[in-house]
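As a plain string of letters, each chain reads:
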Amino acid sequence: MTQDEMKKRAAWAALEFVPRHSIVGVGTGSTVNHFIDALASIKEQIKGAVSSSIASTEKMQALGIAVFDLNDIDSFSVYVDGADEINPARHMIKGGGAALTREKIVAAVAEQFVCIVDASKEVAVLGKFPLPVEVIPMARNYVARELQKLGGRPVWREAVVTDNGNIILDVHDLHITDALTLEQQINQITGVVCNGLFAARAADVVLVGGPDGTRVIK
Ligand SMILES: O=C[C@H](O)[C@H](O)[C@H](O)COP(=O)(O)O
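Calculation rules
Residues numbered from 1 in each chain as written. Predicted model: local features only at pLDDT ≥ 70, side-chain atom pairs only at ≥ 80, totals over all residues. Heavy atoms only, no water. UniProt positions renumbered as here; feature names shortened; annotations may be inferred. Helix = DSSP H or I, 4+ residues; strand = E, 2+ residues; numbered from the N terminus. Buried < 20%, exposed > 50% of the residue type's maximum accessible area, 1.4 Å probe, protein only. Pairing = 2+ DSSP bridges. Patch = residues over 30% accessible without salt bridge, like charges linked within 9 Å, V, L, I, M, F, W, Y side chains within 5 Å. Areas by Shrake-Rupley, 256 points an atom, 1.4 Å probe, with all protein chains shown as cover. Salt bridge = Lys/Arg side-chain N within 4 Å of Asp/Glu carboxyl O.

Under an unreviewed UniProt entry, the protein chain has the name Ribose-5-phosphate isomerase A and belongs to Rheinheimera tilapiae. What UniProt records for the protein chain under Function (unreviewed entry) is the sentence "Catalyzes the reversible conversion of ribose-5-phosphate to ribulose 5-phosphate." The annotation that UniProt attaches to the protein chain under Catalytic activity (unreviewed entry) is "aldehydo-D-ribose 5-phosphate = D-ribulose 5-phosphate".

Below, the structure written as structure tokens:
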């Protein structure tokens with residue numbers, strides 16, 4: 001079974017967590033693209049979605065799923081998104097697709113975060129996947145120097161501008177044993193918009209797609 005088939009398996013399993021007649025929070029990425037396909041199959045049974053990226057919005061609208069402005073929604077129950085790494089505490093690294101800031105905002109409003117991953121995303125310690133940090137462009141070099149002080153090796157993702165008009169620094173060589181503290185430390189650096197550690201807002205449910213089916217971790 002390919003990695004993409006395992007992603008698809010986890011994504012379709014997430015439908016079970018979508019309350020009917022509700023608004024659904026939708027993340028970004030290749031795993032979520034499968035979830036959007038799944039969501040389209042029940043689009044008559046939901047009110048619509050709030051989206052974490054331009055890419056997800058465009059895909060949902062093309063499939064006839066109504067997309068609402070988050071500012072018009074006070075609360076919703078379920079946010080479904082992928083991850084680049086997830087540890088046993090259900091802390092994640094996200095932002096491989098540069099959508100981390102809007103993802104964190106939409107996740108903050110949701111009552112429940114359902115994370116959909118293939119088995120390759122499970123790790124004991126976060127950090128092998130470079131940690132994405134969204135930065136205001138003029139602060140790039142200052143923030144990079146501050147990230148070095150925290151033990152990382154930041155690399156500018158030069159080809160990428162985020163949906164918010166900012167840049168991404170990918171921080172290599174981290175071995176993250178205290179994700180909550182590091183998330184807060186990076187947020188304190190002036191010029192950082194957001195970082196890809198989701199520890200303060202960990203996943204509530206993880207659906208892990210593998211060759212033998214989908215494992216549910218709560
Ligand atoms: O910015 C992108 C998101 O955080 C994605 O959810 C994450 O990179 C996982 O993406 P994929 O499902 O493509 O592996």
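Having seen the structure, we can now continue with the description.
How do you make sense of the UniProt feature "active site" (unreviewed entry) in the protein chain when you look at a structure like this?
As recorded in UniProt, the sites labelled "active site" (unreviewed entry) are Glu103. Note on placement: Glu103 falls in helix α4 (residues 100-109).

What is the right way to read the pairing of strand β10 (residues 167-172) from this model?
The side chains of a regular strand alternate, residue by residue, between the two faces of the sheet. Summarising burial for β10: five of the six residues are buried, a large majority. As paired strands, strand β8 (residues 131-135) and β10 are joined by five bridges and run antiparallel to one another. Pairing of Val133 across the sheet is with Leu169, part of β10. Bridge count between strand β9 (residues 153-156) and β10: four bridges; the pairing is antiparallel. Counterpart to Arg153 in the pairing with β10 is His172.

Just checking my understanding: could you explain a nonpolar patch on the surface for this structure?
The grouping of Ile136, Met138 and Val193 at the surface amounts to a nonpolar patch, some 310 Å² of accessible area in total. In this structure, Met138 sits in the loop between β8 and α5 (140-149). Relative accessible area serves as the criterion here: at 79%, Met138 is assigned to the exposed category.

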